[in-house]
Amino acid sequence: MSQPTAHDPTSTTDNRLVVAISSRALFDLGDSHALFEREGLDAYRAFQIDHENEILKPGVAFPLVQKLLGLNKLAGDVPPVEVILLSRNSGDTGLRIFNAIQHYDLEISRAAFTSGAPTSDYIAPFRADLFLSANAEDVGRALAAGVAAATILPSVAPPRMSEQLRIAFDGDAVIFGDEGERVSREEGLEAFHRNEREHAAEPLSVGPFRGFLAALHRLQTAFPAEDSPIRTALVTARSAPAHKRVILTLRKWGVRIDEALFLGGRDKGPFLDAFGADIFFDDSPANVESARKHVATGHVPHGVSNR
């Protein structure tokens, strides 16, 4: 198994699930961000100050954050989830964002406003298990530092009626390492299946979302399994016989995945819609394009698919 990275969320004595999120992932800042790119920082600053009492509309990751924070209402005296805002806004222009947080009654009190500088340096001090951002540069820096991170993309995400939090993951290069994908790309599908059969008893290496999955599993165990407010799914292009190594790896790790979909290359989007995912994480740009037509999607720019 791979050695843990410098940032190891599973090692902290604080059992909270900590999620760091950017303002553009949480709220719809598309128009003002377009203004920034078109006319620069001064125009952006003036616009935000002029409109700071106008409430921002929810962004792609807003429903996910609502459900995450909703778990605190089901717990005891110690909230099991914390959401932290990391924003490239300044404290001045960020006032509009905090006005929206208060309007929607989101329990977010900690934040870092960096005035255009990368936000990823503050992920480790906040001990975040997951970082979600619309800024691909910040996501790449977070992944390089060993933090589970994904770029939140514009998605067609219909409202989910269920109050249950549902999170779906791809396997290779997300939960696991990308060595399987490398074999498949370099030597073909037949070689991949042969490799997986020969190494079925060997656990797969650790991927960038291993720590977040462990933290999520730890949170799940605080609730009755038969009535859990959290449900997870593995949605992978693998199929038999490559499924066996995945199952034995998760068993070795002691991590629970509620549903496992081995699709053998089928389009993932309709299956994610059927699962009712609040968010799906995948490394493959092609899979991400399919998924975001159905559910909120985070691109994990890691592994051979992104080189």
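Up top is the structure.
Residues numbered from 1 in each chain as written. Predicted model: local features only at pLDDT ≥ 70, side-chain atom pairs only at ≥ 80, totals over all residues. Heavy atoms only, no water.

Draft legend 1. A look at the nonpolar core. Judged by nonpolar contacts, the single largest core of 66 residues is most densely connected at L26, L132, F209, F212 and F281. When residues are assigned to domains, this core turns out to be shared by domain 1 (17-151) and domain 2 (165-299), each giving three or more. Residues within four places of F209 in sequence aside, it is in contact with L130, A148, A149, A150, F169, V174, I175, F281 and V300. In this structure, A233, L263, L272 and V295 belong to the second largest nonpolar core, which totals 10 residues. (Core = buried A, V, L, I, M, F, W, Y, C linked by side-chain atoms within 4.5 Å. Buried < 20%, exposed > 50% of the residue type's maximum accessible area, 1.4 Å probe, protein only. Domains from an automatic or database assignment. Contact = heavy atoms within 4.5 Å.)

Draft legend 2. Looking closely at helix 8 (residues 189-198). Listed as buried for helix 8 are A191, F192, H193, N195 and E196. Packed against the buried residues of helix 8 are helix 7 (179-187) and helix 10 (243-253). (Helix = DSSP H or I, 4+ residues; strand = E, 2+ residues; numbered from the N terminus.)

Draft legend 3. Inspection of the sheet that holds strand 7 (residues 230-236) at higher detail. Read across the open sheet, the 10 strands follow the order 3-2-1-4-5-10-9-6-7-8; overall the sheet is mixed. Single-partner strands in this sheet number two, and they are strand 3 (111-113) and strand 8 (259-262). Between one strand axis and the next, the sheet turns by 20° as a mean value, whatever way the strands run. As defined by bridge partners, strand 1 (residues 17-22) adjoins strand 2 (residues 81-87) across six bridges and the pair is classed as parallel. Paired with I21 across the two strands is L85, which belongs to strand 2. (Pairing = 2+ DSSP bridges. Axes fitted to C-alpha atoms, helices over the stretch in contact; angles between N-to-C directions.)

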